[in-house]
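# Residue-level structural notes
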Amino acid sequence: MSSGVSVVSPLIVFFEQWKSRIDNTLDNLVPASHAPHQILFEAARYALLGAGKRLRPLLVIATVESLGKDSEIALIPACALELIHTYSLIHDDLPCMDNDDFRRGKPTLHRVFPEGHALLTGDYLLTHAFDLLSRCPMLSSDHKIDLIQVLSHAAGGEGMIGGQVMDLLAETMNVDLEMMTLIHQKKTGALFAAAIEFGAILAHVPSEQRLLLKICGEKIGLAFQIMDDVLDLIASEKKHGKSISSDQYNKKTTYVTLLGLEQSRHLAQQLYQSALKLLYTLPREPTSLIYLTEQVIGADASV
Ligand code: GRG
């Protein structure tokens, strides 16, 4: 007989609690201001606080916890990653890029604040992230340098920005699967890989484990992007009753346009399984990281 009491998984509670700690910490790290340029902080808070899922910071926390260390030291580095991610969304939405009207359930920053302010808000979040890392409490100088190197590489010319430039170039050329994969590895995958590598650095694991975790992050990031393409199409089918996604409206080549829905799902599932296989080789089973990975890629990854 049922007791009538629903059982909530400890992992759900763990991640809900950390998400709310991340939200509160972001609120403190980017406070409102009465300075003459207070509009900058108002705009940053508009873009940063609210409906973000906080996947990247949660991946940092989950990795540290899974490696048996106290996640407390990871809170500010995790938030620095979220600042970089939010900056990328602000710039990606600008009229000179995707020209999007809505983000995180509300009008995009440049629809609410003047476009120049939106651009500078992105710049502020980008630089503030590195300032926070350089002043992170409880971390040795060596660890701070490691984190700064990993994040600047992941967000830079060989990572996210490089991917975004390739994405712009791709609008005027035929994109094959190899090119599409490279774009998304850089544009989306690099920041996921950095999140998991942050966890490895903060948990002080040996370099082979750090590399293994970084590779897992790259696979998870790519699987996330493929599923984002899949979900974009499914959402559009539900809304319009036909298979034209917002990406297709924007004439963008995606995994779905290249491979179709089922094969794209299958590829995401393959990447997920291959990341799992690597994760199971770690000395202790990374339960919370595996749980979060399943959430990130989504139940739809099953084929
Ligand atoms: C403009 C420098 C610059 C970079 C742009 C990553 C990127 C490069 C742009 C983001 C635009 C985009 C839609 C990328 C695909 C990856 C993706 C689905 C991002 C959204 O991430 P979520 O779902 O968003 O984690 P929330 O709002 O939950 O944080």
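Look up a bit, the structure's there.
In this report, the structure presented in the accompanying data block is examined. Predicted model, so just to flag it, every value in this text is computed and none were measured. (Residues numbered from 1 in each chain as written. Predicted model: local features only at pLDDT ≥ 70, side-chain atom pairs only at ≥ 80, totals over all residues. Heavy atoms only, no water.)

## So, the packing of aromatic side chains
Defined as follows: Only centres within 6.5 Å qualify two rings of Phe, Tyr or Trp (six-membered ring in Trp) as a pair; their planes then separate them into stacked at under 30 degrees, edge-to-face at over 60, and tilted for everything else. Consider the ring centre and the ring normal. A charge sits over the ring if Lys NZ or Arg CZ is within 6 Å of that centre and within 35 degrees of that normal.
Tallied over the full model, the rule gives six aromatic pairs. Members of the aromatic cluster, joined through ring pairs, are Phe 14, Phe 15, Trp 18 and Tyr 291. Positioned above the aromatic ring of Tyr 46 is the side chain of Lys 106, whose terminal nitrogen or guanidinium carbon lies 4.0 Å from the ring centre.

## Notes on helix 4 (residues 75–93)
In plain terms, the rule: Helix numbers and strand numbers start at the N terminus; a helix is a DSSP run of H or I with at least 4 residues, a strand a run of E with at least 2. Here, expected helix span is obtained from the residue count minus one, scaled by 1.5 Å. Only protein chains enter the area calculation, which uses a 1.4 Å probe; residues under 20% of their type maximum are buried, those over 50% are exposed, and those in between are partly exposed.
Counted at 1.5 Å a residue, the expected span for helix 4 with its 19 residues is 27 Å, and the 27 Å between its end C-alpha atoms agrees. Most of helix 4 sits inside the fold, with 18 of its 19 residues counted as buried.

## Focus: the pattern of salt bridges
What counts, and what does not: When a carboxyl oxygen of Asp or Glu is within 4 Å of a side-chain nitrogen of Lys or Arg, the pair counts as a salt bridge.
In total, this model carries 14 salt bridges according to the counting rule given. Ionic pairing is found between Arg 104 and Glu 82, a salt bridge with its closest N-O pair at 2.9 Å. With Arg 104 in the loop between strand 1 (102–103) and strand 2 (106–107) and Glu 82 in helix 4, the pair connects residues that are 22 residues apart, well separated along the chain. A relative accessible area of 0% means that Glu 82 is categorised as buried. Each of Lys 19, Asp 23, Arg 54, Glu 82 and Arg 104 takes part in a single network of salt bridges with overlapping partners.

## Describing the site of the ligand
What counts is decided by this rule: A cutoff of 4 Å decides nearness: a residue is near a molecule or strand if any of its heavy atoms lies inside that distance of it. Pairs of N or O atoms within 3.5 Å make up the polar contacts considered here, provided that, within protein, one atom can donate a hydrogen while the other can accept it, and that residues adjacent in sequence are counted only when both atoms are side-chain atoms.
Around the ligand lies a shell of 18 residues, among which Lys 53, Arg 56, His 85, Asp 92 and Arg 104 are the nearest. Within the side chain of His 85, one N or O atom sits 2.8 Å away from an oxygen atom of the ligand. Interatomic distance of 2.8 Å between a side-chain N/O atom of Arg 104 and an oxygen atom of the ligand. Contributions of two or more residues to the shell around the ligand are made by helix 3 (55–66), helix 4, helix 8 (160–170), helix 9 (177–202) and helix 10 (207–240). With six residues, the single largest contributor to the shell around the ligand is helix 4.

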